[in-house]
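In case you want the letters, here they are:
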Amino acid sequence: MFREQRPGKITPAPAPHVPTVVELPHGKLNAYENAKKQVSKIAGILKLTENETKLLVTPRRIITINFPVKLDSGRIKLFQGYRVQHNDSRGPFKGGIRFHPQVDLDEVKALAFWMSMKCAVAGIPYGGGKGGVIVDPKQLSKDELEALSRGYIREIAPFIGPDKDVPAPDVYTDSQIMSWMLDEYETIVNHHAPGVITGKPLDLGGSKVRDYATAMGGAICLRELMKALKLKPGKVAIQGFGNAGSFMAKILHSWKHKIVAVSDSKGGIVNERGLDPAEVLQHKERTGSVVGFRGARKVSNEDVLALPVDVLVPAALENQITHTVAHTVNAKIVVELANGPTTPDADEILRRRGIHLIPDILANSGGVSTSYFEWAQNLQGYYWTEADVLGKLDPLMVSAFNDVFNASKQHRVDMRTGAFVVAAQKILKAERLRGRLKQ
Ligand code: GLU
């Protein structure tokens, strides 16, 4: 039973409309407009009906919440948050929760859509969802962050559960935040339910490998593409040095690639002779940024995207490779560890320039796939070794990669379009079987 509380406000899902404006007045690009453009592209290829197209882009449920958090000063502040439940035809809604000052509803809608697509590409039994709170977590104390995390879960508790909607970490949320959220949910329902949330610490039912799974999945895709293109390990630049980016640097370094540049929100560093990712991470932990690392020259975040490398890994936020930036990209392969880092215009430019791109819904699907392994372990109450998890993740990623690679060859399209084709076919099939669409 849920304890009594104010239910979240459910706003009806808006009807899709033809994308027109992509750039917002403050210069931020609208990720949901980009997502809709991506769907209209595959609608043409798969000859989708209006209903099918509408179903693919429109979230099933949008929850908007405004909830109070008591700050250390004693003041009570209202925070706005969202949980967008995009599609659940293939299984419970699944996707992370983002804490960021620039979170907005359209962004969360796009991210929820990408989660549905990602889970379908990976072939795991989930739909897609995403959550977000408009907050700069760096401005909060630990107690305030805990109160915010618990407050958010109290509001969305009626709508989540191991067989309903399973949240996870995303930008600026981590395993400690998942622990508070799990505890709050279990207090509300009055029983243990570790499968309600993934990305937990090992001591609370987390899975081995989950911490580096997003990067590992991307690295496996890169390995497969390089095999297909007969390329050897080379120079790598990584934008973003959070969970995904820093582990990607470590994995690729250990696989004999040379990490020549990394960056974070404060700027980038370059050393053509190669950086040691473990040392850069220590420096970041000590000083708060990769900038200032000894022996490396400082560059801007945009400069990192234009360096002459073999592999470029955007591992930060959306809309980093824009139309203008795409002309300056100087890499053979782009591996999208971030969600939505490339705009549709930029996609087209990269494709024309012959740059191979492993799209986000494939490249970063190792994260949610290992969340699936975590959830499966929680439901069984039986925990696997690191070798067990890696032994399942590797073939899962290889098979997802092959499906996408083959679809892109078959339809003579780039890998992003190939990935959307694979995902859309699976989701629409599930919708038809459920009778939500005409057979
Ligand atoms: N936030 C991650 C993503 O965007 C992980 C989601 C999950 O594990 O549910 O894929």
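Residues numbered from 1 in each chain as written. Predicted model: local features only at pLDDT ≥ 70, side-chain atom pairs only at ≥ 80, totals over all residues. Heavy atoms only, no water.

With that settled, consider the overall build of the protein. Check the secondary structure of the protein and you find 15 helices and 13 strands. Expressed along its principal axes, the backbone C-alpha trace of the protein runs to roughly 60 × 55 × 50 Å. In the protein, buried positions account for 58% of the 439 residues. For the protein, the share of sequence-separated contacts (at least 6 apart) that also reach a separation of at least 24 residues comes to 68%. With an accessible surface of roughly 18,400 Å², the protein has 53% of that area assigned to carbon and sulfur atoms. Separation between the mean location of the 58 positive side-chain charges and that of the 46 negative ones in the protein comes to 4 Å. (Helix = DSSP H or I, 4+ residues; strand = E, 2+ residues; numbered from the N terminus. Buried < 20%, exposed > 50% of the residue type's maximum accessible area, 1.4 Å probe, protein only. Contact = heavy atoms within 4.5 Å. Areas by Shrake-Rupley, 256 points an atom, 1.4 Å probe, with all protein chains shown as cover. Lys, Arg positive; Asp, Glu negative; His and termini not counted. Charge placed at Lys NZ, Arg CZ, Asp CG, Glu CD.)

Tracing the sequence through the fold places Y126 in the loop between α3 (105-122) and β5 (128-134). Residues Y126 and K47, 79 residues apart in the sequence, show an inter-C-alpha distance of 25 Å. Not counting chain neighbours up to four residues away, the residues in contact with Y126 comprise R90, G91, P92, K94, C119, S371, Y372 and W375.

Among the 13 residues in the neighbourhood of the ligand, the closest are listed as K94, K118, P169, D170 and S371. Between D170 and the ligand, the recorded distance is 2.8 Å, taken from a side-chain N or O atom to a nitrogen atom. Between the ligand and N339, the relevant distance is 3.0 Å, taken from an oxygen atom to a side-chain nitrogen or oxygen of the residue. Burial of the ligand by the protein amounts to 94% of the accessible area it has alone, namely 290 Å². Looking at the shell around the ligand, the elements with two or more residues in it are β4 (93-100), α3, β6 (165-169) and α13 (365-380). The greatest single-element share of the shell around the ligand, amounting to three residues, is contributed by β4. Residue composition of the shell around the ligand, grouped by class: four nonpolar, four polar and five charged. (Near = heavy atom within 4 Å. Polar contact = N/O pair within 3.5 Å; in protein donor to acceptor, adjacent residues only side chain to side chain. Nonpolar A, V, L, I, M, F, W, Y, C, P; charged D, E, K, R; others polar.)

Under the defined criterion, the tally for this structure stands at 28 salt bridges. E279 is the partner of R294 in a salt bridge, and the nearest nitrogen-oxygen pair spans 2.6 Å. Of this pair, R294 sits in the loop between α8 (277-287) and β10 (297-299) while E279 sits in helix α8, and the two are 15 residues apart along the sequence. Look at R294 and you get exposed, because its relative accessible area is 58%. With a closest N to O distance of 3.4 Å, D360 and R416 form a salt bridge. Taken together, the positions of D360 in helix α12 (residues 360-363) and R416 in helix α15 (residues 415-433) put the pair 56 residues apart, joining distant regions of the chain. (Salt bridge = Lys/Arg side-chain N within 4 Å of Asp/Glu carboxyl O.)

Bringing the pairing of strand β2 (residues 61-70) into the picture now. Note that β2 and strand β3 (residues 76-87) share ten bridges and pair antiparallel. Considered in β3, the bridge of V69 is made with K77. Connecting the antiparallel pair β2 and β3 is a turn made up of five residues, with G74 showing a positive phi of about 100°. (Pairing = 2+ DSSP bridges.)

Our focus in this paragraph is the packing of aromatic side chains. Applying the stated criterion across every chain yields a total of ten aromatic pairs. An aromatic cluster of at least three residues, connected via ring pairs, comprises Y126, Y372, F373, W375 and W384. Above the ring of Y126, the side-chain terminus of K94 is found at 5.9 Å from the ring centroid. Sitting over the ring of F405, K409 keeps its end group 4.3 Å from the ring centre. (Phe/Tyr/Trp six-rings, centres within 6.5 Å; stacked < 30°, edge-to-face > 60°. Lys NZ or Arg CZ within 6 Å of the ring centre and 35° of its normal.)

Strand residues, when the strand is regular, have side chains that alternate between the two faces of the sheet. Going residue by residue along strand β11 (residues 311-314), you find V311 and V313 tucked away on one face and L312 and P314 tucked away on the opposite face as well. The pairing of strand β7 (residues 235-239) with β11 spans four bridges and is classified as parallel. Bridged to V236 within β11 is V311. Both β11 and strand β12 (residues 333-335) contribute to a ladder of two bridges, which runs parallel. Its bridge partner lying in β12, L312 is registered against V334. On the question of chirality, the crossover connecting β11 to the parallel β12 by way of helix α10 (residues 323-328) is right-handed. (Right-handed = clockwise from strand over helix to strand, strands pointing away.)

Backbone geometry places V209, a non-glycine residue, at a positive phi of 80°. Mapping V209 onto the fold places it in the loop between α5 (175-189) and α6 (213-228). Look at K230: it is not a glycine, yet its phi comes out positive at around 55°. The topology assignment puts K230 in the loop between α6 and β7. On the basis of relative accessible area, K230 is assigned to the exposed category, the value being 73%.

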